[in-house]
Amino acid sequence: MHVKDFDNKAPAEIIPLTFDFKNITADISSAVVSVAVKRGTDAAPGAMIVAPHQVVGVEVRQLVKDGLDGVTYLYRCDAVNAAGDKYALGGYLSVNEIN
């Protein structure tokens, strides 16, 4: 799984995260986005996910909100193409209060 760093966000922001599979596959039939804590403590990281993700061509877009100050999250997107091949991309998202 390829993992990248997303830009940091503040807890009050609602931002899109984009997982781009263009270098891996020509299509996406379905996808699942999940989140876990990489560094810090958050008892409910899944509460950051806003509404269902969108599949647009070979990109999966997920809106995220909230998060706890000082926590780094690992977002993972598992995608399946029309042939049934499975792929995964991930990204670290750090949440920091604006001071």
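Everything quoted here is computed from the prediction, not taken from an experiment.

Engineer: Just to check I follow, could you spell out the overall build of the protein chain for this structure?
Structural biologist: The number of helices and strands found in the protein chain is zero helices and seven strands. From first element to last, N terminus to C terminus, the protein chain shows the α and β order β-β-β-β-β-β-β. Here the protein chain has a C-alpha radius of gyration of 14 Å; the compact-globule value for 99 residues is 13 Å, and the two agree. By principal-axis analysis of the C-alpha atoms, the protein chain measures approximately 45 × 20 × 20 Å.

Engineer: Please clarify how the nonpolar core should be interpreted in this entry.
Structural biologist: Looking at soluble globular proteins, one finds that nonpolar side chains tend to be buried together. One finds Leu-17, Phe-19, Phe-21, Val-60, Tyr-75 and Leu-93 to be the most contacted residues of the largest nonpolar core, which totals 20 residues. For this core, the secondary-structure elements that each account for two or more residues are strand E2 (15–20), strand E3 (30–39), strand E5 (59–64), strand E6 (72–80) and strand E7 (86–94). In terms of residue count, E6 provides more of this core than any other element does, four residues in total. If we skip the residues at most four places from it in the chain, Phe-21 touches Ile-28, Val-58, Val-60, Cys-77, Ala-79, Tyr-87, Ala-88 and Leu-89.

Engineer: Even after reading the chapter, I still don't get the pattern of salt bridges, so can you show me in this structure?
Structural biologist: A side chain with one charge may pair with a side chain of the opposite charge, provided their charged atoms come close. Evaluation of the coordinates by the stated rule reveals three salt bridges. Ionic pairing is found between Arg-61 and Glu-59, a salt bridge with its closest N-O pair at 2.7 Å. Taking the relative accessible area as the measure of exposure, Arg-61 reaches 33% and is therefore partly exposed. Ionic pairing is found between Asp-78 and Arg-76, a salt bridge with its closest N-O pair at 2.9 Å. Given a relative accessible area of 27%, Asp-78 falls into the partly exposed group.

Engineer: How should I be thinking about the sheet that holds E3 in this particular structure?
Structural biologist: Strand pairing in a sheet takes place through backbone hydrogen bonds and is either antiparallel or parallel in direction. Strand order in the open sheet formed by four strands is E1-E7-E6-E3, and the pairing between neighbours is mixed. Where the open sheet ends on each side, the last strands, each with one partner, are strand E1 (2–5) and E3. Taken over all neighbouring pairs, the strand axes of this sheet differ in orientation by 20° on average, direction set aside. As defined by bridge partners, E6 adjoins E7 across nine bridges and the pair is classed as antiparallel. Across the sheet, Leu-74 pairs through a bridge with Tyr-92, a residue of E7.

Conventions used here
Residues numbered from 1 in each chain as written. Predicted model: local features only at pLDDT ≥ 70, side-chain atom pairs only at ≥ 80, totals over all residues. Heavy atoms only, no water. Helix = DSSP H or I, 4+ residues; strand = E, 2+ residues; numbered from the N terminus. Rg over C-alpha atoms; globule rule 2.2 N^0.38 Å. Core = buried A, V, L, I, M, F, W, Y, C linked by side-chain atoms within 4.5 Å. Buried < 20%, exposed > 50% of the residue type's maximum accessible area, 1.4 Å probe, protein only. Contact = heavy atoms within 4.5 Å. Salt bridge = Lys/Arg side-chain N within 4 Å of Asp/Glu carboxyl O. Pairing = 2+ DSSP bridges. Axes fitted to C-alpha atoms, helices over the stretch in contact; angles between N-to-C directions.

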